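# Overview (structure and organization)
Chain residues, written in single-letter form:
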Amino acid sequence: MPKHIRTFEKTFSLAHPEAGLEDLPNHFYLMIKNTSHELLSELKDIYFGKFFHFKDDKGNSKKYGNIMGCEATDLQLENLFKIQNEFGVDISLTMNQLNLPEELLMNQRVHEEFIEWIGQFYDKGLRSCTIGSVHTMCGGNLQKRCPDMLWKNTVNNIVLDTQMVADYVTL
């Protein structure tokens, strides 16, 4: 009788360890490179944080992004795209902060800068993004700029019932 084999192909998400590895940008890449094909095949994606930095109309510096408070450096990000291209593991930008800066909603310049900021990652091959802002998704500008992006809801938006599921799916 054949033994039942259960596969987990493209099932798991893995956090990119930004904090503490800022001075070791190749460390995570080398770890993935030395990971078995079998384990790599189980990875759906590697998620990473990044902040959108902007100035308000008074010249004050502000940011929006990952509530974990850390972000991938530019060199780490280059290596994440390298992992995606070489090993077929998708990477996923995480923008799960729920308290949206007012300027992102009310200031057209800042809103357009944000769309283009995400668009630059899209142009490099990013096709997955977790975003916490329902209002930003409602406008449709992100979907228009990045038509093939998989937009994921953050677990920080606590979904309590089937109506909320339907609402988020609609977005």
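A quick note: this is a predicted structure, and the numbers were derived from the prediction, not measured.

## Description of the nonpolar core
Core analysis: the biggest nonpolar cluster contains 36 residues, and Leu-80, Leu-93, Met-95, Phe-114, Ile-118 and Trp-151 have the highest contact counts within it. Breaking this core down by element, the ones donating at least two residues are helix H1 (27–33), strand S2 (43–49), strand S3 (52–55), helix H3 (74–87), strand S5 (90–95), helix H5 (108–124) and strand S6 (128–131). The element best represented in this core is H5, accounting for seven residues. Excluding residues within four positions of it along the chain, Leu-93 makes contact with Phe-48, Lys-50, Trp-117, Ile-118, Phe-121, Leu-126, Ser-128, Cys-129 and Thr-130.

## Quick look at the packing of aromatic side chains
Think of a pair of aromatic rings as described by two things: how far the centres are apart, and how the planes are tilted against each other in angle. A full pass over the atoms with the stated rule returns eight aromatic pairs. Note on Tyr-29 and Phe-87: the rings are 6.0 Å apart at their centroids and 45° apart in plane angle, and the pair reads as tilted. Taken together, the residues span a long stretch of sequence, with Tyr-29 in helix H1 and Phe-87 in helix H3 at a distance of 58 residues. Judged by centre distance (5.3 Å) and plane angle (20°), the rings of Phe-52 and Phe-54 are stacked. On the basis of relative accessible area, Phe-52 is assigned to the buried category, the value being 2%. Its relative accessible area of 4% is what places Phe-54 among the buried residues. An aromatic cluster of three or more residues is present, and its members are Phe-52, Phe-54, Tyr-64, Phe-114, Trp-117 and Phe-121. The aromatic ring of Tyr-29 is capped on one face by Lys-82, whose charged end is 4.4 Å from the ring centroid.

## Considering the side chain of Ser-128
You can see Ser-128 is positioned in strand S6. There is a polar contact of 2.8 Å between the side chain of Ser-128 and the side chain of Ser-92. Aside from chain neighbours lying at most four places away, what touches Ser-128 is Asp-45, Ile-91, Ser-92, Leu-93, Met-149, Leu-150 and Lys-152.

What counts, and where the lines are drawn
- Residues numbered from 1 in each chain as written.
- Predicted model: local features only at pLDDT ≥ 70, side-chain atom pairs only at ≥ 80, totals over all residues.
- Heavy atoms only, no water.
- Core = buried A, V, L, I, M, F, W, Y, C linked by side-chain atoms within 4.5 Å.
- Buried < 20%, exposed > 50% of the residue type's maximum accessible area, 1.4 Å probe, protein only.
- Helix = DSSP H or I, 4+ residues; strand = E, 2+ residues; numbered from the N terminus.
- Contact = heavy atoms within 4.5 Å.
- Phe/Tyr/Trp six-rings, centres within 6.5 Å; stacked < 30°, edge-to-face > 60°.
- Lys NZ or Arg CZ within 6 Å of the ring centre and 35° of its normal.
- Polar contact = N/O pair within 3.5 Å; in protein donor to acceptor, adjacent residues only side chain to side chain.

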